[in-house]
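Secondary and tertiary structure notes
The lines below spell out each chain.
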Amino acid sequence: MTDVETLAALARDIDSTCRLTGTFALRSGRTANEYFDKYRFEADPRLLDRVAAHLVPLVPTDTEVLAGLEMGGIPVVTALGRHTGLPCAFVRKTAKPYGTARLAEGAEVAGRRVLVIEDVVTSGGQVVISTGHLRELGARVEHALCVIDRAEGGSQALAAHGVALRALLTRADLEAQRAR
């Protein structure tokens, strides 16, 4: 299989694993008859390993630390770290009030080139917030990497904060595989 064919097969497998039908209450208050449960690809070790292998070429060569965002970015960053050999940091939405009271657990980020890892990017809001926090800790963040870019403004929001978004797949890639 070519790289394009293996990526298409991955998109098809993610879509078939994560797309659920039924009745779902959405955060907006609306009801939908279809739902994309991103945690399903993260909970499948074989599928997550394939995702991580495909993400490796998207990691900038000067990256020193991979930083996974709570919660969906944590399994992705762990799998990607296994493939790249790069140390990982686990970034909380807020610092815990006990123990080390750190916002970024694991690898040290201060003074290092950090690649922010997220599972799915929609508006980019949490990536922007977490990037700001990492920069306050002394991290140099210029790139973010996600498995799926829903193409709803996240890339533009990140660019406005000096962060270039790289995505393995887009919503359109998943929908194209479903249409086949």
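Please refer to the structure higher up on the page.
To keep things clear, this report deals only with the structure shown in the data block. Since the model is a prediction, treat every value here as computed from it, not as a measurement.

Parameters and conventions
- Residues numbered from 1 in each chain as written.
- Predicted model: local features only at pLDDT ≥ 70, side-chain atom pairs only at ≥ 80, totals over all residues.
- Heavy atoms only, no water.
- Helix = DSSP H or I, 4+ residues; strand = E, 2+ residues; numbered from the N terminus.
- Rg over C-alpha atoms; globule rule 2.2 N^0.38 Å.
- Buried < 20%, exposed > 50% of the residue type's maximum accessible area, 1.4 Å probe, protein only.
- Contact = heavy atoms within 4.5 Å.
- Areas by Shrake-Rupley, 256 points an atom, 1.4 Å probe, with all protein chains shown as cover.
- Pairing = 2+ DSSP bridges.
- Right-handed = clockwise from strand over helix to strand, strands pointing away.
- Expected span 1.5 Å × (residues − 1).
- Phe/Tyr/Trp six-rings, centres within 6.5 Å; stacked < 30°, edge-to-face > 60°.
- 1 Å grid on protein atoms, 1.4 Å probe; cavity = no way out; pocket = protein on both sides within 12 Å on 5 of 7 lines; lining within 4 Å.
- Points joined across faces, edges and corners; volume = space filled by probe spheres on them.
- Nonpolar A, V, L, I, M, F, W, Y, C, P; charged D, E, K, R; others polar.

**Regarding the overall build of the protein chain**
- On a plain count of helices and strands, the protein chain comes out with 7 helices and 8 strands.
- On C-alpha atoms alone, the protein chain measures out to a radius of gyration of 16 Å, which is about the 16 Å that the 2.2 N^0.38 rule sets for 180 residues.
- Oriented by its inertia axes, the alpha-carbon framework of the protein chain measures out at about 45 × 45 × 30 Å.
- Relative to its full complement of 180 residues, the protein chain shows a buried share of 41%.
- A sequence separation of at least 24 residues applies to 58% of the contacts in the protein chain between residues at least 6 apart.
- As displayed, the protein chain has an accessible area near 9,300 Å², and 52% of this comes from carbon and sulfur atoms.

**Focus on the pairing of strand β4 (residues 88–91)**
- Bridge analysis of strand β3 (residues 65–69) against β4 gives 4 bridges, and the strand direction is parallel. Considered in β4, the bridge of Leu69 is made with Val91.
- One crossover worth recording links β3 to the parallel β4 by way of helix α4 (residues 73–84), and it is right-handed.
- Where β4 and strand β5 (residues 104–106) come together, 3 bridges link them in antiparallel fashion. Across the sheet, residue Val91 finds its bridge partner in β5, namely Ala104.

**Comments concerning helix α5 (residues 125–136)**
- For α5, which comprises 12 residues, the first-to-last C-alpha distance of 17 Å matches the rise-based estimate of 16 Å (1.5 Å per residue) to within 8%.
- Each element contacted by the buried residues of α5 is listed here: β3, β4, β5, β6 (113–121), β7 (140–149) and α6 (154–159).
- Just downstream of α5 lies Gly138, where phi reads positive at about 100 degrees.

**What to know about the environment of Glu136**
- Within the secondary structure layout, Glu136 lies in helix α5.
- For Glu136, a relative accessible area of 67% translates into the label exposed.
- Distance from Glu136 to Ala110, taken between C-alpha atoms, is 8.9 Å for residues 26 residues apart in sequence.

**Description of the packing of aromatic side chains**
- Inspection of every chain in the model, using the stated rule, returns 1 aromatic pair.
- With a centroid separation of 5.4 Å and 25 degrees between ring planes, the pair formed by Phe24 and Tyr35 is classed as stacked. Of this pair, Phe24 sits in strand β1 (residues 19–25) while Tyr35 sits in strand β2 (residues 31–36), placing them 11 residues apart in sequence.

**Re the layout of surface pockets**
- Each pocket or cavity is described by its volume, and for the largest pocket that value is around 1,100 Å³.
- What lines the largest pocket is a set of 34 residues, among which Arg27, Lys38, Val120, Thr122 and Arg150 lie closest to the centre.
- Only β1, β2, β6, α5 and α7 (171–179) provide two or more residues apiece to the lining of the largest pocket.
- Grouping the amino acids of the lining of the largest pocket by side-chain chemistry returns 12 nonpolar, 7 polar and 15 charged.

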